[in-house]
Amino acid sequence: MPLPHTQACYNITSPLATRLGVPASRFTAGNRANGKITILRLRQPHEPWDTLLRAAFARRPGSARCVDFPCVSGVGARSGGVMIKSLGKQTGASPKKPASRVRIFGWALLFCAIAGAIGLFLPVEDIYRGARNHLRARPADQKVVVVAIDNKTVKRFGSDYYSRRHNAEMIDRVFAMGANRVFFDEAFSRPLDEEGDNAFADALARHPNKVYLGAASFASRAADGSLALVPMEKFRTNAKMVSLVSSRSPFSLSIAVRYEDKLRDTKIPSMASEIAGFGGSDEEMFTPDWAIQVKSVPTVSLVDLLDGKVPAASLAGKDIVVGVTSDANPDFATVVGQGWFPGVYVRAIGAQTLREGRPVNAGWIPALLASALASALLLRARRKRQVIALL
């Protein structure tokens, strides 16, 4: 018995068959009457119209259908290796129409829109930004100095909740050394020792409106402000408040800072906004430029400052940010490319970011629309080429 051959079946319209030059012997009159013809032939020898049909099928599924199956010579075949037979009779049912490119494009667009709305790929974006920031890493501008409540300070005072008389002494020292303003990364919402609290209040009175204390509304937890964290009344008299609100991205790969916060009916700027002199809405957040290296931010120990070991020139004309950096501090942040670091540095780097201009984050919608438009144009051009090829 001869070896099986492979045959190809095409289901096309009669006008197209005529244009392609398909010989009339390849189809029957009955098929023509329906406006459709079915051509079933051996692959060998190849003919020009056979190549065109195969190319059309590959480019546009549904315009020309191809079914390959083995056929023994002499069984259901005519001379020349051509057999005329209905496609439905060969398979017993019409083949399932393959998904069109338009349908695939629509589903892909819907998936991307949902993924963008829920931030599905935000971790991937954070990793990309971290790699980019690593390539464009640069030092801090040295305009903000962090006074660190570090391990050395905790060891001397026994805790990072020491008597506030030490903060009072520090305030007097830094202003005597020519510092511009002092910002505390702490709310001072609860009393400690009375003597220390009074000394701190007196120091604030000696430097009115030049010291800023932290606050947070926690509006996402309690919209009525019942959980708001604000300084004690005796401290608010001569000091201003700045917001400490920030937000971590999924998996803590990055951090964003709010421009301002709203405490009941009062809006207060974030510490970064106040230092930079840059305002914004309480509904908006910005991502600091994490290409600025945390390790390059000038830092001095609180106890070194109190002991007179810090040169006055290093603080003159600078804004001072006081915050806890000890290992026992729970307020640590992490950013791709920079690792873990104390949260006080978020304020310093956020301030430099705003000083250099408003960060622009167009979001995912413009990128989705641009990609959808480009894909639609490519799809339209491809379909136009297919029509030309078929004609």
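Residues numbered from 1 in each chain as written. Predicted model: local features only at pLDDT ≥ 70, side-chain atom pairs only at ≥ 80, totals over all residues. Heavy atoms only, no water.

Brief notes about the pattern of salt bridges
Any two side chains of opposite charge can pair, on the condition that their charged atoms come close. Across all of its chains, the model carries 16 salt bridges by this definition. The closest approach of N and O atoms between Asp 197 and Arg 164, which form a salt bridge, is 3.0 Å. Taken together, the residues Asp 197 in helix 9 (residues 194-206) and Arg 164 in the loop between helix 7 (151-157) and helix 8 (165-176) connect sequence positions 33 residues apart. When sorted by exposure, Asp 197 lands in the same class as Arg 164, which is buried. Residue Glu 233 is joined to Arg 236 by a salt bridge in which the shortest nitrogen-to-oxygen separation is 2.4 Å. Of the two residues, Glu 233 and Arg 236 both sit in helix 10 (residues 233-236), three residues apart, roughly one turn of that helix. Given a relative accessible area of 51%, Glu 233 falls into the exposed group. For Arg 236, a relative accessible area of 31% gives the class partly exposed. Here the salt bridges share partners, and the residues they tie into one network are Arg 136, Arg 138, Asp 289 and Glu 356. (Salt bridge = Lys/Arg side-chain N within 4 Å of Asp/Glu carboxyl O. Helix = DSSP H or I, 4+ residues; strand = E, 2+ residues; numbered from the N terminus. Buried < 20%, exposed > 50% of the residue type's maximum accessible area, 1.4 Å probe, protein only.)

Digging into unusual backbone geometry
A positive phi is found at Phe 188, a non-glycine position, where the angle reads about 55°. Along the polypeptide, Phe 188 turns up in the loop between strand 6 (181-184) and helix 9. If you check the backbone angles, Ser 252 has positive phi at about 55° while not being a glycine. In this fold, Ser 252 is placed in the loop between strand 9 (246-248) and strand 10 (255-258).

Some details on helix 13 (residues 344-355)
Between the first and last C-alpha of helix 13 there are 18 Å, a value that for 12 residues agrees with the 16 Å anticipated at 1.5 Å per step. By the criterion of burial, helix 13 is predominantly enclosed, with 11 of the 12 residues buried. Val 344, Tyr 345, Val 346, Arg 347, Ala 348, Ile 349, Gly 350, Ala 351, Gln 352, Thr 353 and Leu 354 are the residues of helix 13 that are buried. Immediately downstream of helix 13, the backbone of Gly 357 shows phi near 130°, a positive value. (Expected span 1.5 Å × (residues − 1).)

Considerations on the sheet that holds strand 8 (residues 240-243)
Pairing is parallel in the open sheet, where six strands are placed in the order 8-7-6-15-5-14. On the outer flanks of this sheet lie strand 8 and strand 14 (299-301), each paired with one strand and no other. If you compare each strand with its neighbour and ignore which way they point, the axes differ by 30° on average. The sheet contact formed by strand 5 (residues 144-149) and strand 15 (residues 319-324) spans six bridges and is parallel. Directly across from Val 145, in strand 15, lies its bridge partner Ile 320. (Pairing = 2+ DSSP bridges. Axes fitted to C-alpha atoms, helices over the stretch in contact; angles between N-to-C directions.)

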